[in-house]
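This is what each chain is made of:
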Amino acid sequence: MKIYDIAVIGGGPAGCMAAIRGAQLGKKVILLERNDKICRKLLLTANGRCNITNTAQLEVFLEMFGRRGSFYRDAFSEFSNQDLMEFFKIRGLDFKVEEAGRVFPSTEKAESVVNILKRALDEYGVKIIYNYRLKHLHQQSKIFKLYSTEEELFTTYNIIIATGGASYPRTGSTGDGFTVAGSLGHHITELKPGGVPLRVREKWVHKLKGVALENVGLKIVYDGKILNLPDGNLLLTHFGVSGPVILDMSHTIVELMDKQGDLEIYVDLKPELKQDALEVQMVEDFQKYSKKSLKNYLKFHLPQRLVDPVLEISHLDPEKKLNQITKKERLMLQEILKALPLTITGHLPLDRAMVTCGGVSKKEIDPKTMESKLVKGLYFVGEIIAGCGRRGGFNLQQAFSTGYVAGSNASR
Ligand SMILES: Cc1cc2nc3c(=O)[nH]c(=O)nc-3n(C[C@H](O)[C@H](O)[C@H](O)COP(=O)(O)OP(=O)(O)OC[C@H]3O[C@@H](n4cnc5c(N)ncnc54)[C@H](O)[C@@H]3O)c2cc1C
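Just so we're clear, the structure is a prediction, and the values are computed from it rather than from any experiment.

Undergrad: Where do I start with the overall build of the protein in this structure?
TA: Each helix and strand in the protein was counted, giving 14 helices and 18 strands. Principal axes of the C-alpha set define a box for the protein whose edges measure 90 × 40 × 35 Å. The proportion of buried residues among the 412 residues of the protein is 43%. If you take every contact in the protein between residues at least 6 apart in sequence, the share linking residues at least 24 apart comes to 72%.

The following block contains the structure:
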């Protein structure tokens, strides 16, 4: 039976890059993918536009992966954001940069990225077997024997596991790699969702599904401490809140909830004005528009559908004229505009998250090579590795960089 130099399990971005790199270095590479095509998840990224990387500097990249972000220093240095763009540029795909350094293919189509990966796999002669779902493997005299759910057998000297996380399972990423890694003695850290919408208790939020609160401030108060989140857009949904800031920060919030339970979050509807400045403005307004009803006044300041809930929370009569509002009532309204309270009670499940935070422990992977410290010839790349990055193109870069590094090292 033919023994491959490298078998790559999973044809997502990490697996494709690992296979391309191994084959580029002259190795006999086989790519085993359970679907009938590669990169199904990549096709969904950024609503099909694919935020492939970010122009940020290395240190920012590492920060985006949290406490153990420095694990990726070697991988991001060996195959950087610039290297990734170059890889595609020389194959005919250009890029555009949007706010916060987010990089997209100039075609705005994830499909363009996938087409180039597929062409490169073919160009370097990677053998691709579709509809092959790895079930288990074992190592015998330095050779790995791989078995599919149908007991189809392949043999290889090196194996790169690139099966992704456990979110969006319909794309093929159902967490199989965690079982395989676990069976070989690896520790799998708790699987938690990253980039996930949050549930809130307040029913008025659910009724306002689809309303976007633009550029609001957010802070979480717990245990006498304050966690300030970046300003941004908040999207109200039929179960709670979503939108860029929530998706960006959800893994931090989910971790905090594990320790603290339900969390109080405060929405600053006027982040551009400090308390004092808002007070000055409201005093002026109340004099200038003294005959206006409170309800009509607030329409100037808030999205129309938010006016009733704000008035309800303030226990103020919507029809009251501004000149009938007492100072105490005005200050209370001001307080609510600066800190509208919500209660976070949970999050959507892992399968609805953009990424899986948790996976094969980084302590068991050599960051220079992506090789397991427990099993020689076994490599882990992409989302299967514990931890996750923030939104902004960082997760795809992690998949490509770790894939490249493992492909290089499995070829040595
Ligand atoms: C909706 C959505 C939008 C996103 N947008 C962005 C974005 O714009 N920018 C960004 O950086 N990140 C984004 N991400 C995250 C990004 O898609 C992932 O981090 C990335 O795809 C991980 O790559 P991977 O190769 O490790 O795993 P995956 O892309 O999950 O690929 C794993 C592959 O392994 C295969 N597989 C699984 N088990 C087996 C098995 N037993 N045998 C054989 N094959 C198997 C799967 O079928 C799949 O093809 C988004 C994620 C989602 C869900």
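Undergrad: Before we go on, may I ask you to explain the site of the ligand in this structure?
TA: Residues in contact with the ligand amount to 39 residues; listed here are only the nearest, G10, G12, G164, G172 and G382. Broken down by secondary-structure element, the contributors of at least two residues to the shell around the ligand are helix 1 (13-24), helix 2 (45-48) and helix 14 (394-410). Looking at the shell around the ligand residue by residue, the class counts come to 17 nonpolar, 15 polar and seven charged.

Undergrad: I keep staring at the pairing of strand 16 (residues 340-347) and nothing clicks. Help me out?
TA: On a regular strand, one side chain projects to one face of the sheet and the next to the other, so that they alternate. With three bridges connecting them, strand 11 (residues 198-200) and strand 16 associate as antiparallel partners. Residue pairing across strands places R199 opposite G346, the latter belonging to strand 16. Inspection of the sheet shows strand 15 (residues 263-268) paired to strand 16 by five bridges, in the antiparallel sense. Considered in strand 16, the bridge of V267 is made with L340.

Undergrad: Is there a simple way to explain the sheet that holds strand 11 in this structure?
TA: Strands pair in a sheet through their backbones, by hydrogen bonds, and they do so in one of two ways: parallel or antiparallel. Pairing in this closed barrel of six strands is antiparallel, and the strands run 11-14-13-12-15-16 around the ring. Ignoring which end each strand starts from, the neighbouring axes of this sheet average 45° apart. For strand 12 (residues 212-222) and strand 15, the ladder comprises five bridges, and the chain directions are antiparallel. What sits directly across from V221, in strand 15, is E264.

Undergrad: Can you help me understand the environment of V97 in this one?
TA: Summarising the element assignment, V97 is placed in strand 4 (residues 95-97). V97 sits in the partly exposed class, given 14 other C-beta atoms within 10 Å. Contacts of V97, omitting those with residues within four sequence positions, involve T55 and V103.

Undergrad: Please clarify how the nonpolar core should be interpreted in this entry.
TA: Proteins that are soluble and globular tend to have nonpolar side chains buried together. Judged by nonpolar contacts, the single largest core of 72 residues is most densely connected at A7, V8, A19, I160, I161 and F380. It is helix 14 that provides the largest number of residues to this core, a total of eight residues. The contacts of A19, once residues within four sequence positions are left out, are V8, V29, L31, L121, V126 and G407. Counting residues in each nonpolar core, the second largest holds 40 residues, with L198, V200, L342 and C388 among its members.

Parameters at a glance
- Residues numbered from 1 in each chain as written.
- Predicted model: local features only at pLDDT ≥ 70, side-chain atom pairs only at ≥ 80, totals over all residues.
- Helix = DSSP H or I, 4+ residues; strand = E, 2+ residues; numbered from the N terminus.
- Buried ≥ 20, exposed ≤ 12 C-beta atoms within 10 Å, placed from the backbone.
- Contact = placed C-beta atoms within 7 Å.
- Near = placed C-beta within 6 Å.
- Nonpolar A, V, L, I, M, F, W, Y, C, P; charged D, E, K, R; others polar.
- Pairing = 2+ DSSP bridges.
- Axes fitted to C-alpha atoms, helices over the stretch in contact; angles between N-to-C directions.
- Core = buried A, V, L, I, M, F, W, Y, C linked by C-beta atoms within 7 Å.

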